[in-house]
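Here is how the chains run, residue by residue.
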Amino acid sequence: MTETTTPDAALETLGRVFGYDSFRGDQAEIIRHVVAGGDALVLMPTGGGKSLCYQVPSLVREGTGVVISPLIALMQDQVDALAAVGVRAEFLNSTQGPDERRRVEAAFVAGAVDLLYLAPERLAIESTAQLLDRGTIALFAIDEAHCVAQWGHDFRPDYLRLSMLHERWPAVPRIALTATATEQTHAEIALRLQLDDARHFVASFDRPNIQYRIEAKNQPQRQLLELLRTEHVGDAGIVYCLSRASVEKTAEFLNSSGIPALPYHAGLPAEVRAANQSRFLREDGIVMVATIAFGMGIDKPDVRFVAHLDLPKSVEGYYQETGRAGRDGLPSTAWLAYGLQDVVQQRRMIEQSEGDLAHRRRMSAHLDAMLALCETVECRRVQLLAYFGQSSQPCGNCDTCLNPPQAWDGTVPAQKLLSTIVRLKRERNQTFGAGQVVDILRGKETPRTLQHGHEQLATWGIGEDLSDQQWRGVVRQLLAQGLLATQGEYGILALTDASAAVLSGERAVSLRTEPERVARRAPKRQ
Ligand code: ADP
Ligand code: ZN
């Protein structure tokens, strides 16, 4: 737009174009740095205001701001929103016909585009690079920059190509932005994008208005319904499920219970997805039941809750998904129900995944961190922030702060369980999943225990002091602590290297009681 870069050009643009009177947090400093031609790596939580960090410099600097984004489905919305405030924004992606593409290209070359959104795969095409050479580039913004990191949870191979931006246009400043990055992902972004001289801006990842709660999964749909009926009547929210089938089932269940819910997953026709997304954004009080295909880039300020009916695969994913709640700063709930079956299923998925050994190890490490968060007796927020390398004090507004779980000595039950597995293997050459092992411990006469003559095992009935549910909690926690493993499709229980020390009594096992559900100390609403 203008070549003058007086210190106030950014502030003037903020007011004139976007109608805001001041910058938030690090925005002013980030914008000043990029306007002056510096590279930046910005880590800021969802809702923190990342977009202005590249939009304002694109307008202040000469030429077009080129934004690399994986969110093809949202480009039209983003461009429309900018057009509404008078910014000349365009996009290039695979959804366009040749005429439309030529129109955008001509406008860019003529210098009539302030912001150009590009899908990363466009950069693989040499003609795109040649096109960029013919215009003036104000900056490159790399949105959702964590997609370049293999360590992260959302790796996109196309993003690796983005190192070419620096090689081909070394003088153009680059700003990479993400709402999710552990220290490891953070380092990998800097490395892969060759952001050697970039300034790093790391905002606090805390979202104080979100109440984090994780509870044991017994009857997930019922538990969800109770949450919605007691604390979130009429609220908009997102319910995440692992599979398409459970998305459909859960949406039907909510509708039949009188809660307006819409499904969203990659198996639905594009027009159904678009229609459901737009109803969720525009109408009040809709619950979106979705796979993780839904949500990235969705800007709905009043999402009051994010519920997970299945265990997320990583803390990064969990944090990003829950971060979609309460962008308006008002009290919101992040609720997760998780059970033994989740652990079994995810270990199996990792075992069967097609990736190489390094990939499976990474997935395992992600899962372990997620399990540690679920089983912690400490403040959830402290643990979450620590995962992102930030230290904090107990928050007083998560389930473990509000209703501290007790630790109890689970050494003896762990020994009973492990020795049952050992005996089955040694005396019978048999292996079983958790259901059968718990039945043996509780001395439950079922067709399956009787058929195998399991009542003759020395450990038959030695675990009657704990209920089925408590035993499942023990199994789940031993799995989470790596003192027990599952194998194969049926979740066969097996010992790990660490199990021996428990059996021999050298290692004590500390377990967490399942606290009663957090009392109705729901966040207060204005
Ligand atoms: P992010 O991309 O980090 O999730 P956005 O860029 O979408 O966040 O910004 C979140 C919301 O905050 C948007 O509605 C945006 O208009 C608003 N916002 C950002 N910066 C400011 C500011 N300086 N003053 C007022 N509102 C702002
Ligand atoms: Zn807490």
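Residues numbered from 1 in each chain as written. Chains lettered and ligands numbered in written order. Predicted model: local features only at pLDDT ≥ 70, side-chain atom pairs only at ≥ 80, totals over all residues.

A few words on the overall build of the chain. Secondary structure summary: the chain contains 21 helices and 17 strands in total. Its C-alpha atoms give the chain a radius of gyration of 26 Å, near enough to 24 Å, the size a compact globule of 526 residues would have. C-alpha extents for the chain along the principal axes are approximately 85 × 45 × 45 Å. Each of the 526 residues in the chain was classed as buried or not, and the buried ones make up 43%. For the chain, long-range pairs separated by at least 24 residues make up 74% of all intrachain contacts whose partners lie at least 6 apart in sequence. (Helix = DSSP H or I, 4+ residues; strand = E, 2+ residues; numbered from the N terminus. Rg over C-alpha atoms; globule rule 2.2 N^0.38 Å. Buried ≥ 20, exposed ≤ 12 C-beta atoms within 10 Å, placed from the backbone. Contact = placed C-beta atoms within 7 Å.)

Attention now moves to the sheet that holds strand β13 (residues 332-338). Taking strand neighbours across the sheet as the criterion, the 6 strands line up as β8-β13-β12-β9-β11-β10 in an open arrangement whose pairing is parallel. Each edge of the open sheet carries a strand with a single partner, namely β8 (210-216) and β10 (261-264). Across the sheet, the mean angle separating the axes of adjacent strands is 15° when strand polarity is ignored. (Pairing = 2+ DSSP bridges. Axes fitted to C-alpha atoms, helices over the stretch in contact; angles between N-to-C directions.)

Residues Val287 and Val289 point to one face of strand β11 (residues 287-290) and Met288 and Ala290 to the other, with burial holding for every one of them. The pairing of strand β9 (residues 236-240) with β11 spans 4 bridges and is parallel. Its bridge partner being in β11, glycine 237 is matched across the sheet by valine 287. With respect to chirality, the unit in which β10 leads through helix α11 (residues 270-282) into the neighbouring parallel β11 is right-handed. (Right-handed = clockwise from strand over helix to strand, strands pointing away.)

β9 sits mainly inside the fold: 5 of its 5 residues count as buried. Taking every second residue as pointing to the same face, both faces of β9 are buried, with Ala236, Ile238 and Tyr240 on one and Gly237 and Val239 on the other. Bridge count for β9 against strand β12 (residues 303-308) is 5 bridges, and the pairing is parallel. Bridge pairing in β12 links isoleucine 238 to valine 306.

All right, on to the site of ligand 1 then. Within the structure, ligand 1 sits among 13 residues, and Tyr20, Gly48, Gly49, Lys50 and Ser51 are positioned closest to it. Ranked by residue count, the leading element in the shell around ligand 1 is helix α3 (residues 50-60), at 3 residues. A breakdown of the residues in the shell around ligand 1 according to their chemical character gives 4 nonpolar, 6 polar and 3 charged. (Near = placed C-beta within 6 Å. Nonpolar A, V, L, I, M, F, W, Y, C, P; charged D, E, K, R; others polar.)

Let's shift gears to helix α5 (residues 98-109). Over its 12 residues, α5 extends 16 Å from the first C-alpha to the last, a length consistent with the 16 Å expected when each residue adds 1.5 Å. Looking at the residues trailing α5, positive phi occurs at glycine 111, about 75°. (Expected span 1.5 Å × (residues − 1).)

With parallel pairing, 7 strands are arranged side by side in an open sheet as β3-β4-β2-β5-β6-β1-β7. Of all strands in the sheet, those with a lone pairing partner are β3 (89-92) and β7 (199-202), marking the two edges. Looking at each pair of strands side by side, their axes are set apart by 20° on average, direction ignored. Contacting β1 (40-43), β5 (137-142), β6 (174-178) and β7, helix α2 (residues 27-35) runs over the sheet at an angle of about 160° to β1. Running over the sheet, α5 touches β2 (64-68), β3 and β4 (115-118) and is turned about 130° from β3.

Glancing now at the confidence of the model for the chain. Overall, the prediction assigns the chain a mean pLDDT of 91, with 96% of residues at 70 or greater. Confidence drops under a pLDDT of 50 for residues 518-526, and excluding neighbours within four residues, the segment shows 13 contacts in the predicted structure. Taken together, the chains of this predicted complex give a pTM of 0.84 and an interface ipTM of 0.98. (pLDDT = per-residue confidence, 0-100.)

Before going further, it helps to spend a moment on the nonpolar core. Counting residues in hydrophobic clusters, the biggest one holds 81 residues, and the most contacted among them are Val239, Met288, Val289, Val437 and Val475. In contact with valine 289, not counting residues within four places along its chain, are Val239, Cys241, Val247, Thr250, Ala251, Leu254, Ala261, Leu262 and Pro263. Core analysis: the next-biggest nonpolar cluster, separate from the first, contains 57 residues, Ala40, Val60, Leu115 and Ile175 among them. (Core = buried A, V, L, I, M, F, W, Y, C linked by C-beta atoms within 7 Å.)

This part covers helix α18 (residues 434-442). Side chains of residues three or four places apart in an α-helix project in the same direction, reflecting 3.6 residues per turn. Along α18, 7 of the 9 residues are buried, which leaves the element largely enclosed by surrounding structure. Taken residue by residue, α18 has Ala434, Gln436, Val437, Val438, Asp439, Ile440 and Leu441 as its buried positions. On the buried face of α18, the contacting elements are α13 (340-352), α17 (411-428), α19 (447-451), α20 (468-480) and β16 (492-494).

So, about the environment of glycine 63. Within the secondary structure, glycine 63 is located in the loop between α3 and β2. What makes glycine 63 partly exposed here is the crowd of 18 C-beta atoms within 10 Å. Separated by 72 residues in the primary sequence, glycine 63 and glycine 135 place their C-alpha atoms 7.6 Å from one another. The contact partners of glycine 63, leaving out residues within four places of it in the chain, are Gly135, Thr136, Ile137 and Ala138.

As a further point, take the environment of glutamine 194. With respect to the helices and strands, glutamine 194 occurs in the loop between α8 (183-192) and β7. Considering only alpha carbons, one finds glutamine 194 and alanine 40, 154 residues apart in sequence, at a separation of 11 Å. Excluding its chain neighbours within four sequence positions, the residues that come into contact with glutamine 194 are Ser163 and His166.

Before going further, it helps to examine the environment of phenylalanine 205. Along the chain, phenylalanine 205 turns up in the loop between β7 and β8. Spatially, the C-alpha atoms of phenylalanine 205 and arginine 101 are 39 Å apart, while their sequence positions differ by 104 residues. Non-local contacts of phenylalanine 205, meaning those with residues more than four positions away in its chain, are made with Pro45, Leu385, Phe388 and Gln390.

Next up on the list: the packing of helix α1 (residues 9-18) against α3. Relative placement of two packed helices is described by the angle separating their axes and the distance separating the axes. At a minimum axis distance of 10 Å, the contact between α1 and α3 shows a crossing angle of 105°. By the angle between their directions, the pair α1 and α3 is classed as roughly perpendicular. For the pair α1 and α3, the contacting residues are Ala9, Ala10, Thr13, Leu14, Val17 and Phe18 in the first and Leu52, Val56, Leu59 and Val60 in the second. Tallied by class, the residues present in the contact of α1 with α3 amount to 9 nonpolar, 1 polar and no charged. (Parallel < 35°, antiparallel > 145°, perpendicular 65-115°, else oblique.)

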